[in-house]
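Architecture at a glance
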Amino acid sequence: MSTISPDVVRQVIQEVVLEVVAKAQASHNGASDGIFPDMDAAITAADKAWRRYTECTMADRARFIQAIRDVASLDENVRFMAEATVEETGMGRIDDKILKNKAAALQTPGIEDLPTEAWSGDDGLTTVELSPFGVIGAITPTTNPTETVINNAIGMLSAGNSVVFSPHPRATKITHWLIRKINAALVGAGAPANLVVTVEKPSIENTNAMMADPRVRMLVATGGPGIVKSVLSSGKKAIGAGAGNPPVVVDQTADIVRAARDIVNGASFDNNLPCTAEKEVLAVECVVDLLKFEMLKNGAYELKDQAAIARLAEMVAKDGHAVTGCVGKDASVLLDAIGIEAPSGTRLIIAEVPFAHPFVQTELMMPILGIVRVKNVDEAIELAVEAEHGNRHTAIMHSSDVNALTKMAKRIQTTIFVKNGPSYAGIGLGGEGFTTFTIAGPTGEGLTSARCYARRRRCALVGGMNIR
């Protein structure tokens, strides 16, 4: 009869003990993957998580945020998110989504975005600090599903909140995958479980339940005008990141070679899905032909035949709105649908059209760019203001004239104004500044970060701590 060595016995006992400890820790944390059968269960878990989160230190918070960054920026995860998102939603470009997800993970501000204000004097010391709302309800779009979840999760948890996500139903699978990854990373870093949660089956009914639940203290909507209007009508503190129709103005002083390259790169980025992307061009007549010529060198394909332009317009826009089935499709796919074989490397469709054309007036979110010929820069600026439709989202201008740039900035009043660069420079991709995918023009927060998801609280200590 063989005997078991003491070393083996000790190893087995050690493994059993570790398993018991791990299970006990998971039970203590209420560990789960963050996916719940209904909205009430999700909010209950997030509320419990937030209350436990208040007991954590700022050093803990920093560690938890780093855990999200690490898992969300891992090369294999970034590629999977990009590929799976394109497969599930049928929209966008894998290479560009990789860049967007990386930027969201690495360039979203963390706890460093929470400054403390202080006054001291004969009457003592008063501080103002940024504290959490509690449970935040966040509605995310199908156009940027993973980028928005990463960006919101980092910002909202940095401010000390938990978050209940209500994703677009057409991005359910990839959102569930990401939330599971984030939860595993957080629990592995020692965070309370369920700081980031969602429901098994996203729906309008679940979104409405989230907005109505009194335990949800703040609402953040990244999406179209309908959902933004809903959160602003909720009676709660709300941040709305709505639609945009970013115009591009090109005047006679612009570096046309650079402008053409930047416009094509910006307008074709992720097949024009970002609300910040160039949606129409207003160029002074003396540079239009050269601008189009240079754009063709950078991956643009010009539609000149009026019948083809009409067929494309009829296919992609109905009653002033983009046709959902065409949003985010490759330029070659759209051209093929109207019987045109696109040359290899085509990223963007351009067409010179009247100002009233759907390619100018409708936020298409697809790689189609209408170009309008105008007499001078003043007319271009006025038409750009009109085409932007008062969304106050994003505008772009290519010019070497400081006075013209200044006039455009003052007249258009957009949250983002990019001068002499591609639109994505305005969200930290090739431009200075941090990254966000929740750009709150309607409610005025602008490019959101952790401080936007926090409450200002004043604490006064009377008669002490003035050491001057």
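Residues numbered from 1 in each chain as written. Predicted model: local features only at pLDDT ≥ 70, side-chain atom pairs only at ≥ 80, totals over all residues. Heavy atoms only, no water.

1. As for unusual backbone geometry
Heads up, the condition is: For the purposes of this entry, the term helix denotes a DSSP run of H or I that reaches at least four residues, the term strand denotes a run of E that reaches at least two, and both are numbered from the N terminus.
Its identity is not glycine, yet Met-365 carries a phi of approximately 55°, on the positive side. Mapped onto the secondary structure, Met-365 falls in the loop between α14 (358–361) and β15 (368–374).

2. Focus on the packing of helix α6 (residues 145–158) against helix α7 (residues 172–188)
The description of two helices packed together rests on the angle between their axes and the distance between the axes. Here is the rule: Working convention: axes come from line fits to C-alpha atoms, limited for helices to the stretch in contact. Angles between N-to-C directions cover 0 to 180 degrees. Put simply, angles under 35 degrees are roughly parallel, angles over 145 are roughly antiparallel, angles from 65 to 115 are roughly perpendicular, and the rest are oblique. Two helices that cross are described as forming a left-handed crossing if the nearer one is turned anticlockwise from the farther one by less than a right angle, and a right-handed crossing if clockwise. Contacts between residues were defined by any pair of non-hydrogen atoms, one from each residue, lying within 4.5 Å. Nonpolar residues are Ala, Val, Leu, Ile, Met, Phe, Trp, Tyr, Cys and Pro. Charged residues are Asp, Glu, Lys and Arg, and all others, Gly as well, are polar.
α7 packs onto α6 with a crossing angle of 30° between their chain directions and a minimal axis gap of 9 Å. Taken together, α6 and α7 sit at an angle that is classed as roughly parallel. By crossing handedness, the relation of α6 to α7 is classed as right-handed. Side by side, α6 and α7 meet where Pro-145, Thr-146, Val-149, Ile-150 and Leu-157 of the first sit next to Ile-174, Thr-175, Leu-178, Ile-179, Ile-182 and Leu-186 of the second. Tallied by class, residues from the contact of α6 with α7 come to nine nonpolar, two polar and no charged.

3. Brief notes about the side chain of His-176
In plain terms, the rule: For every residue, the accessible area obtained with a 1.4 Å probe (protein chains only) is divided by the maximum for its type, and the residue is called buried under 20%, exposed over 50%, and partly exposed between those limits.
For His-176, the location among the structural elements is in helix α7. Judged by its relative accessible area of 9%, His-176 falls in the buried class. Here His-176 is in contact with Ile-35, Thr-198, Val-199 and Glu-200, once residues within four sequence places are set aside.

4. Examining the pattern of salt bridges
The following threshold applies: The term salt bridge refers to a side-chain nitrogen of Lys or Arg lying within 4 Å of a carboxyl oxygen of Asp or Glu.
Under the definition given, this model contains 25 salt bridges. In this structure, the salt-bridge partner of Asp-40 is Arg-215, at a minimum N-O distance of 2.9 Å. Within this pair, whereas Asp-40 is found in helix α2 (residues 39–53), its partner Arg-215 is found in the loop between α8 (204–212) and β7 (216–222), the two being separated by 175 residues in sequence. Judged by relative accessible area, which is 26%, Arg-215 ranks as partly exposed. Linking Glu-382 and Arg-411 is a salt bridge whose minimum nitrogen-to-oxygen distance equals 2.6 Å. Of the two residues, Glu-382 sits in helix α15 (residues 377–387) while Arg-411 sits in helix α16 (residues 402–412), which places them 29 residues apart along the sequence. Owing to a relative accessible area of 35%, Arg-411 belongs among the partly exposed residues under this scheme. Salt bridges sharing common partners tie together Asp-289, Lys-292, Glu-302, Glu-352 and Arg-373.

5. Let's talk about the layout of surface pockets
The cut-off we apply is this: Definitions used throughout: a 1 Å grid over protein atoms alone; a cavity as a set of points that fits a 1.4 Å probe which cannot get out; a pocket as an open set with protein on both sides within 12 Å along at least five of seven lines; a lining residue as one with an atom within 4 Å of a point. Grid points are joined across faces, edges and corners, and a volume is the space filled by probe spheres set on the points.
Quantified by volume, the largest pocket comes out at close to 1100 Å³. Around the largest pocket, the lining comprises 49 residues; the ones closest to its centre are Pro-141, Gly-223, Gly-224, Pro-225 and Met-365. Sorting the residues of the lining of the largest pocket by element identifies α8, α9 (225–232) and β13 (321–322) as the ones contributing at least two each. The residue inventory of the lining of the largest pocket, partitioned by class, reads 20 nonpolar, 27 polar and two charged. Lining the second largest pocket are 17 residues, with Met-58, Arg-61, Leu-130, Ser-131 and Pro-132 positioned closest to its centre. Counting residues per element, the ones that place at least two in the lining of the second largest pocket are α2, α3 (58–73), β3 (124–132) and β20 (454–462). With four residues, the top contributor of residues to the lining of the second largest pocket is β3. A per-class count over the lining of the second largest pocket returns nine nonpolar, four polar and four charged.

6. Section: the sheet that holds strand β4 (residues 135–139)
The condition is simple: Paired strands, in this sense, are two strands between which DSSP finds at least two bridges.
Taken in spatial order, the six strands line up as β1-β6-β5-β4-β7-β8 in an open sheet, and their pairing is parallel. The sheet is open, and its two borders are formed by β1 (35–36) and β8 (237–241), each paired with just one other strand. Bridge count for β1 against strand β6 (residues 196–199) is two bridges, and the pairing is parallel. Looking at the pairing, Phe-36 lines up with Val-199 of β6. Along the sheet face, α7 touches β1, β5 (162–166) and β6 and points at about 150° away from the line of β6. Sitting on the sheet, α9 touches β4, β7 and β8, and the angle it makes with β8 is about 165°.

7. Comments concerning the confidence of the model for the chain
For clarity, the threshold we go by: Scored between 0 and 100, pLDDT is the confidence that the predictor attaches to each residue.
Per-residue confidence for the chain gives a mean pLDDT of 93, with 93% of residues at or over 70. Counted against residues more than four places away or in other chains, residues 17–30, with its pLDDT under 50, gives eight contacts.

8. Here we look at α6
Spelled out, the test is: To estimate the expected span of a helix, subtract one from its residue number and multiply by 1.5 Å.
With 14 residues, α6 extends 20 Å from end C-alpha to end C-alpha; this agrees with the ideal 20 Å at 1.5 Å per step. Among the 14 residues in α6, 14 count as buried, and that is most of the element. Of the residues flanking the end of α6, it is Gly-160, one or two places downstream, whose phi is positive at about 95°.

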